Amino acid sequence: MNAPKKKLKVATTSLAGCFGCHMSLLDIDERLFTLLEHIEFDRSPLTDIKTVSPDCDIGIIEGGLCNAENVHVLREFRDNCKILIAIGACAINGGLPAQRNHLPLTTILEEVYHTSPGLSNGMIPNDPELPLPLNKVHPIHEVVKIDYFMPGCPPSADAIWKVLTDLLAGKEPELGHGLMHYD
Ligand code: SF4
């Protein structure tokens, strides 16, 4: 009898994302059952695993970098995953959250927490448990090396399926015209 093939370990995370890219991953619907015959999820919002295993095969990153914790998590993924994939517009170029880059961070924090109408005794949160925001939102390739970029906001389920099944087959992932979009 053939020994069962080792499943690939896949870790996923949402940094400065909206979880929409993860929803698109789940949108592969019943193909998830086929996928789970070949992969197991490691650290992910879909599991309760808190840190990335040191032998992860694929890391999938949704969202750009907007705070210090995002940078820490991204580095943890890069250190432990053989292949790192930037999924969605936010991870690739900062996405819509990067629109805040037009304003000074202090102006934004002042407006949201201090001067907005309806706030009573508003103050900018300063608990040391909270991650410090970065002055600008950054795409993830500015901090670590990324192996593949999957565009779209979000990429379609079919695009995610294609990339994952290509990788499982040991091929270079190719999206092709029909699956490549940026909106
Ligand atoms: S790319 Fe779009 S869907 Fe994905 S995290 Fe960013 S805003 Fe959400």
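Above this text sits the structure in question.
Residues numbered from 1 in each chain as written. Predicted model: local features only at pLDDT ≥ 70, side-chain atom pairs only at ≥ 80, totals over all residues. Heavy atoms only, no water.

Right, let's get into the side chain of aspartate 57. You can see aspartate 57 is positioned in strand E3 (residues 56–62). By relative accessible area, which is 12% here, aspartate 57 ends up buried. Within polar-contact distance, the side chain of aspartate 57 engages the backbone nitrogen of lysine 9 at 2.8 Å. Side-chain polar atoms of aspartate 57 contact the side chain of lysine 82, separated by 2.9 Å. What aspartate 57 contacts, discounting residues up to four positions off in sequence, is Lys7, Leu8, Lys9, Cys81, Lys82 and Ile83. (Helix = DSSP H or I, 4+ residues; strand = E, 2+ residues; numbered from the N terminus. Buried < 20%, exposed > 50% of the residue type's maximum accessible area, 1.4 Å probe, protein only. Polar contact = N/O pair within 3.5 Å; in protein donor to acceptor, adjacent residues only side chain to side chain. Contact = heavy atoms within 4.5 Å.)

Lining the immediate environment of the ligand, one finds Gly17, Cys18, Gly20, Cys21, Glu62, Gly88, Ala89, Cys90, Gly152, Cys153 and Pro154. Put simply, the ligand lies in the second largest pocket. Going through the elements one at a time, helix H1 (20–26) and helix H4 (89–93) are the ones with two or more residues in the shell around the ligand. A per-class count over the shell around the ligand returns six nonpolar, four polar and one charged. (Near = heavy atom within 4 Å. 1 Å grid on protein atoms, 1.4 Å probe; cavity = no way out; pocket = protein on both sides within 12 Å on 5 of 7 lines; lining within 4 Å. Sits in = over half its atoms within 2 Å of the grid points. Nonpolar A, V, L, I, M, F, W, Y, C, P; charged D, E, K, R; others polar.)

Our focus in this paragraph is helix H3 (residues 68–80). Between its first and last C-alpha, H3 extends 19 Å over 13 residues, near the 18 Å set by a 1.5 Å rise per residue. Close packing links the buried residues of H3 with strand E1 (8–14), E3, strand E4 (65–67), strand E5 (81–87) and strand E6 (133–138). For H3, the side-chain oxygen to backbone nitrogen distance between the N-cap and glutamate 69 is 3.0 Å, and the N-cap itself is asparagine 67. (Expected span 1.5 Å × (residues − 1).)

By secondary structure assignment, the location of glycine 95 is in the loop between H4 and helix H5 (105–115). For the pair glycine 95 and glycine 17, spaced 78 residues apart in sequence, the C-alpha to C-alpha distance is 8.8 Å.

Here we come to the nonpolar core. Within the largest apolar cluster, 21 residues are counted, with the highest numbers of intra-cluster contacts made by Ile60, Ile85 and Met150. Every element with two or more residues in this core is listed here: H1, helix H2 (31–36), strand E2 (39–41), E3, E5, strand E7 (148–150) and helix H6 (157–168). With six residues, the top contributor of residues to this core is H6. Isoleucine 60 has contacts with Val10, Ala11, Thr12, Thr13, Phe77, Ile85, Ile87 and Leu164, leaving out every residue within four places of it along the chain. Within the second largest apolar cluster, 17 residues are counted, among which are Val52, Leu65, Phe77 and Ala91. (Core = buried A, V, L, I, M, F, W, Y, C linked by side-chain atoms within 4.5 Å.)

On a regular strand, one side chain projects to one face of the sheet and the next to the other, so that they alternate. Among the seven residues of E5, five are classified as buried, and the element is accordingly described as predominantly covered. Pairing of E3 with E5, which is carried by six bridges, proceeds in the parallel orientation. Bridging from a neighbouring strand, isoleucine 61 pairs with alanine 86 of E5. Looking at chain direction, E5 and E7 are connected through three bridges and run parallel. Looking at the pairing, isoleucine 87 lines up with methionine 150 of E7. (Pairing = 2+ DSSP bridges.)

Turning our attention to the sheet that holds E5. Pairing is parallel across the open sheet formed by five strands, whose spatial order is E2-E1-E3-E5-E7. The open sheet terminates on both sides in strands that have one partner only, identified here as E2 and E7. Looking at each pair of strands side by side, their axes are set apart by 25° on average, direction ignored. (Axes fitted to C-alpha atoms, helices over the stretch in contact; angles between N-to-C directions.)

A few words on the layout of surface pockets. Taking a probe equal in size to a water molecule and rolling it over the atoms shows the remaining empty space. Of the voids in this model, the largest pocket is the one considered here, and its volume is about 380 Å³. Lining the largest pocket are 16 residues, and of these Leu109, Ile124, Pro125, Pro131 and Pro133 sit closest to its centre. It is H5 that contributes the most residues to the lining of the largest pocket, five residues altogether. Taken together, the residues that form the lining of the largest pocket break down as twelve nonpolar, two polar and two charged. (Points joined across faces, edges and corners; volume = space filled by probe spheres on them.)

Shape is all these values report; function is a separate question.
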